[in-house]
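# An overview of the molecular structure
Here's the letter readout for the chains.
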Amino acid sequence: MTGSQSTRRSADKIDPEQLTIVPLRHPWRWVAVALVLVSVAGMIRSAISNPEFQWPIVAQYLFNPLILDGLWQTVLITAVVMALATLGGTIAALMMLSPSKLLSVPAAAFVWFFRGTPALVQLIIWYNLSIVVKDITLWLPGVGTVYSVSTNDIMTPLVSAIVALSLHEAGYMAEIVRSGLKSVNKGQYEASACLGMNPSLALRRIVLPQAMRIIIPPTGNETINLLKTTSLVSIIAVGDLLYSAQSIYARTFETIPLLLVVSFWYLAVVSIMSVGQFYLEKHFSRDEHRINPGITRAILGNLAKIGRKEALA
Amino acid sequence: MTAPGTHHEHFGIASTTMVHAKGIRKSYGHLEVLKGVDLTVPSGSVACIIGPSGSGKSTFLRCINHLEEINGGLMLVDGDFVGYRLEGNKLYELPPSAICQRRAEIGMVFQQFNLFPHMTVIENLMEAPLRVKREPVAQATAKAIELLKRVGLAEKRDAYPRQLSGGQQQRVAIARALAMNPKVLLFDEPTSALDPELVGEVLEVMKSLAREGITMVVVTHEIGFAREVADQLIFMDGGLVVESGNPREMIANPQSPRTREFLARVL
C-alpha cells in the first residue's frame, strides 16, 4: 500500500515546500473529445456535400417576404399568448392559493382541464366553435340583448389560435406562478403584515419580486416551448412561419431547404429570448453574489469571457 | 375608526395602559395553547415573558398584533381592539385593510429577522413609511438614515440583508420596525437565532430603546437582559401566566415551584 509507505516515512523528513500536488488525470476525456470531434466533422461534411440540403436555396428563401411575414406572425402570436397566459396564470395561481374553496376549486379545475388536453385538440375545437355556438350574445336580465355577433365573424383563425394557446399556456403558467409564490417564506408575509402592509401591497412589493426568481427560469422554458408550439396553428391556416414555408414548398417541392429556413428562424428567435431571460434573471437576483449557472447563463458567461480575452489579445 | 385612546375610559382601564390582555384563550383544533392569559403593560415600560418552549409565550405575543386570532378574552392595544370592532356585546372581525392600519402602530421583531432579501437595508427601512404611511421620500430617507445611525449600521445602508451578519440583520429589523413610529414594539425571541457572540450587540440596541421609554413586550430566553431591563417579568407555562412581578425579586426569590425549576435550568 502506497498510503502506509508514505506514512511510514517520518513526517519530519518531508519538506512541505518541496511537495507538489498532482491533480487526477482524465485520459478518457481526451478520447471522448476526439470521438465527438470526428463525428461532428463527419456530420458537417455530409450536410455540406449532400446536394439534397440545397444550401443555395436555403439562402435564397431566408429573407423571402413571405417567410418574414410568417416569422412576424409567429413572434406576434407567441408574445400575445404569453402575455395573456402570464396574466391568466397569475390570477389562477392566486385563486388556487386562496383559502376560499369558491376560488381555489374553479382555478384547480381550470388548470386540470386546459393542461390536461392537447394543445392541438384545443386549437381545433376553438377553430370549430361555431359548430357548437352559432352566435355570441351578451344578454342582461331586464335589458335584453345588448350585443350579438356571429361566432364565425369573431373566431378568425388568428383569434382561435390566440384563445386556444392562451388558455392552454395559462394552465402551465398557473402552476409555475403557484410554485413561485409558495417558495416565499411565510415570515415575509408576516413581516409585511406587521409593517401595516395590506395583502395586495405585500404581494406586489414583497412576495412577487421574490417569487420571480423561481418563476422566471421555467417561464423562459415555457416561452421557448410556446414559440415552437405555435407552429401547430398552421393546421388551422394561420399564416405563421411554418405555414408560410409549407405554402412555398407545396408549389416548389423544395421541402428540406424550406424547413431548414424555418429551423434557422426558430433557433434565431430562441437565442434572442435566451439573452432576454439572462438579463431578467440577473435583474431579479441583484442581491445574490453567486447564482447557479443555468445553461443560458453558462453560454453567455463564457462568450463574455472569450470576448474579453480577444479584446485583450 | 375611533380615535386612539378614546376606548381607555370606555373599558375602565388606565389611559397609561398600552397593552391590556384579559383572559386570552387560543386553541389550534382541540389543543388549547392559551388558557386565559392576563397581562397589563403600562406605556413606556418593558415586559419580558419567559417560559419553557411550548408554554404559549410566542403565541400570546402574536395575539397582541392579531397575527393569531384569539378564541376568547379581551385584547386591547392603546385602548382599542386590533382585529375587531365592538358593537353591543359582539366583536366583529375587521377586514384585512382595517387590521393593517392598526398593525402599523405595533412594531414586531422576529426570531428569523424576516428582512426583505430583495431590498437593500435602507429600502427595507423605507418601504412601509413610503407605501403605507405615504411619507415624502426626503422625510423617509432622513428618518431611515437616522435610525441606521441609532443601531450603528449607517455604513450598511446600501448592503443587501444576506451580506450582513445575523446580529446586523436583527439590528436592521429593529430599525425597520422603528421606522413606523410604533406605539409598542413586540420582540419574538430576537436573539435565539444568533451566534452567541452576536447576541450582545442586539441586546445593547434593545436596552437603549428601553432607556428611551419605548414600550416593549419581549419574549426571550435572556434572563440577564430581563433582570436588567424589564419592569415586569412574566413566567408562562402550559398556556398560563404562572408568576409575574418585579424581575429582580422574582429571579432571586421565585414563589412558584415551576418558576423555581425553570430558572434553575436556565440560569
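Residues numbered from 1 in each chain as written. Chains lettered and ligands numbered in written order. Predicted model: local features only at pLDDT ≥ 70, side-chain atom pairs only at ≥ 80, totals over all residues. Heavy atoms only, no water.

## Comments concerning the overall build of chain A
In plain terms, the rule: Under the scheme used here, helices are H or I runs from DSSP no shorter than 4 residues and strands are E runs no shorter than 2 residues, and both carry numbers assigned from the N terminus. Any residue under 20% of the maximum accessible area for its type is buried, any over 50% is exposed, and the rest in between are partly exposed; the area is computed with a 1.4 Å probe on protein chains only. Two residues qualify as a contact provided that any one of their heavy atoms is within 4.5 Å of a heavy atom in the partner residue. Residue exposure ignores everything except the shown protein chains as possible cover, and the areas themselves are Shrake-Rupley values with a 1.4 Å probe.
Scanning chain A for helices and strands turns up 14 helices and two strands. Counting all 313 residues of chain A, 35% fall into the buried class. When contacts within chain A are restricted to residue pairs at least 6 apart in sequence, long-range pairs at least 24 apart make up 71% of them. Counting only carbon and sulfur atoms, one obtains 68% of the accessible surface of chain A, whose full area is about 19,500 Å².

## Focus: the UniProt feature "transmembrane region" (unreviewed entry) in chain A
Residue and element names in this part refer to chain A. The condition is simple: UniProt positions are given in the numbering used here, feature names are shortened, and annotations may be inferred rather than shown by experiment.
Here, the residues flagged by UniProt with the feature "transmembrane region" (unreviewed entry) are residues 71-97, 109-129 and 256-280. Split by type, residues 71-97 is 100% helix and 0% strand. Its first and last C-alpha atoms lie 38 Å apart. End-to-end, the C-alpha atoms of residues 109-129 are 21 Å apart, and along that stretch the chain is 86% helix and 0% strand.

## Side note on the packing of aromatic side chains
Residue and element names in this part refer to chain A. Basically, it comes down to this: Note on ring pairs: Phe, Tyr and Trp rings are taken, using the six-membered ring of Trp, and paired if centres are within 6.5 Å. Classes follow the plane angle, with under 30 degrees stacked, over 60 edge-to-face and the rest tilted.
Going through the model one piece at a time under the given rule, you end up with seven aromatic pairs over all chains. Ring centres 5.0 Å apart and planes at 50 degrees place the aromatic pair Phe-110 and Phe-114 in the tilted group. Taken as a pair, Phe-110 and Phe-114 lie in helix H5 (residues 101-116) at a separation of four residues, close to a single helical turn. Looking at Phe-110, the relative accessible area reads 23%, which means it is partly exposed. Judged by relative accessible area, which is 14%, Phe-114 ranks as buried.

## Comments concerning the pairing of strand E2 (residues 31-42) of chain B
Residue and element names in this part refer to chain B. The following threshold applies: Two strands form a pair only when DSSP identifies at least two bridges running between them.
Where strand E1 (residues 17-28) meets E2, nine bridges bridge the pair, whose relative direction is antiparallel. Within E2, the residue paired with Arg-25 across the bridge is Lys-35. Following E1, the chain reverses through two residues before pairing antiparallel with E2; Gly-29 in that reversal takes a positive phi of roughly 60 degrees.

## Concerning the packing of helix H9 (residues 157-183) of chain A against helix H11 (residues 199-229) of chain A
Residues and elements named next belong to chain A. Note the threshold: Note on method: axes are straight lines fitted to C-alpha atoms, helices fitted across the in-contact stretch only, with angles between N-to-C directions ranging 0 to 180 degrees. Here a crossing is called left-handed whenever its near helix is offset anticlockwise from the far helix by less than a right angle, and right-handed whenever the offset is clockwise. When residue character is reported, Ala, Val, Leu, Ile, Met, Phe, Trp, Tyr, Cys and Pro are called nonpolar, Asp, Glu, Lys and Arg charged, and the others, Gly included, polar.
Two elements in contact, H9 and H11, have axes separated by 8 Å at closest approach and are oriented at 145 degrees. Crossing geometry of H9 relative to H11 is assigned as right-handed. Taking contact as the criterion, the partners of Leu-165, Glu-169, Tyr-172, Met-173, Ile-176, Val-177, Ser-179, Gly-180, Leu-181 and Ser-183 in H9 are, on H11, Leu-203, Val-207, Leu-208, Ala-211, Ile-214, Ile-215, Pro-218, Thr-219, Glu-222, Leu-226 and Thr-229. The class makeup of the residues in the contact of H9 with H11 is 14 nonpolar, five polar and two charged.

## As for empty space enclosed by the protein
To keep it simple, the criterion reads: For each structure, a 1 Å grid was placed over the protein atoms alone; sets of points admitting a 1.4 Å probe that cannot get out are labelled cavities, open sets with protein on both sides within 12 Å along at least five of seven lines are labelled pockets, and lining residues have an atom within 4 Å of a point. Grid points are joined across faces, edges and corners, and a volume is the space filled by probe spheres set on the points.
All told, the structure shown has two cavities of 30 Å³ or more when counted by the stated rule. In this model, the largest cavity occupies a volume close to 60 Å³. In terms of lining residues, the largest cavity is bounded by B:Cys63, B:Ile64, B:His66, B:Ile70, B:Gly73, B:Leu74, B:Met75, B:Phe81, B:Val82, B:Gly83, B:Tyr84 and B:Leu91. Looking at the lining of the largest cavity, the elements with two or more residues in it are helix H2 (57-64) and strand E4 (72-77) of chain B. For the lining of the largest cavity, the element with the highest residue contribution is E4(B), accounting for three residues. Taken as a whole, the second largest cavity encloses approximately 40 Å³ of empty space. Taken together, A:Ala191, A:Cys194, A:Leu195, B:Gly107, B:Met108, B:Phe110, B:Arg176 and B:Ala177 make up the full set of residues lining the second largest cavity. Within the residue set of the lining of the second largest cavity, elements represented by two or more residues are helix H10 (186-194) of chain A together with strand E7 (106-109) and helix H6 (166-178) of chain B. Split by residue class, the lining of the second largest cavity holds six nonpolar, one polar and one charged.

## Things to note about the pattern of salt bridges
Heads up, the condition is: Salt-bridge detection follows one rule: a side-chain nitrogen of Lys or Arg within 4 Å of a carboxyl oxygen of Asp or Glu.
By the definition in use, this model includes 22 salt bridges over all chains. For A:Arg115, the salt bridge is made with A:Glu175, and the minimal N-O distance between the two is 4.0 Å. Linking A:Arg115 in helix H5 with A:Glu175 in helix H9, this pair joins segments that are 60 residues apart in sequence. By relative accessible area, A:Glu175 is classed as partly exposed at 22%. Note that B:Glu127 is salt-bridged to A:Arg205, the shortest N-O span being 2.7 Å. Of this pair, B:Glu127 sits in helix H4 (residues 121-131) while A:Arg205 is found in helix H11, placing the two residues in two different chains.

## Here we look at the environment of B:Pro196
Positionally, B:Pro196 belongs in helix H7 (residues 196-211). Along the backbone, B:Pro196 and B:Arg258 are 62 residues apart, and their C-alpha atoms lie at a distance of 27 Å.

## Regarding the interface of chain A and chain B
Accessible area lost during the coming together of the parts is what is often quoted as the interface size. The cut-off we apply is this: Once two parts are joined, some of their accessible surface, as seen by a 1.4 Å probe, is lost; buried area is that loss totalled over both. Definition of a polar contact: a pair of N or O atoms within 3.5 Å, with one able to donate and the other able to accept a hydrogen when the atoms are protein atoms, and with sequence-neighbouring residues admitted only if both atoms are side-chain atoms.
Each side of the interface is counted separately: chain A has 23 residues, and chain B has 25 residues. Of the roughly 2,200 Å² buried between chain A and chain B, counting both surfaces, carbon and sulfur atoms make up 61%. It is A:Cys194, A:Leu195 and A:Asp287 in chain A that bury the most area against chain B; as a group they hold 30% of the surface buried on that side. Counting across the chain A and chain B interface gives two salt bridges. Its salt-bridge partner being B:Arg62, residue A:Glu190 comes within 2.6 Å of it at the nearest N-O pair. Applying the counting criterion to the chain A and chain B interface returns five residue pairs in polar contact (both at pLDDT 80 or more).

## Concerning the sheet that holds strand E3 (residues 46-50) of chain B
Residue and element names in this part refer to chain B. With mixed pairing, the six strands of this open sheet are ordered in space as E7-E8-E9-E3-E10-E11. Sheet topology places E7 and strand E11 (240-245) at the edges, where each strand pairs with a single neighbour. Neighbour to neighbour, the strand axes of the sheet diverge by 20 degrees on average, direction disregarded. With respect to the sheet, helix H10 (residues 257-266) is in contact with E3, strand E10 (232-237) and E11, its orientation differing from that of E10 by roughly 100 degrees.

## Topic: the UniProt feature "domain: ABC transmembrane type-1" (unreviewed entry) in chain A
Those residues carrying the UniProt feature "domain: ABC transmembrane type-1" (unreviewed entry) are residues 71-274 of chain A in this numbering. Secondary structure over residues 71-274 of chain A splits into 78% helix and 6% strand, and the C-alpha atoms at its two ends are 18 Å apart.

## Some words on the sheet that holds E1(B)
Residue and element names in this part refer to chain B. As summarised here, the arrangement of the three strands in space is E2-E1-E4, forming an open sheet in which the pairing is antiparallel. Each having just a single partner strand, E2 and E4 make up the two edges of the open sheet. On average, each strand axis in the sheet is tilted by 15 degrees relative to the strand beside it, whichever way the strands run. Sheet strands touched by H2: E1, E2 and E4. Its angle to E2, the strand with the most contacts, is close to 60 degrees.

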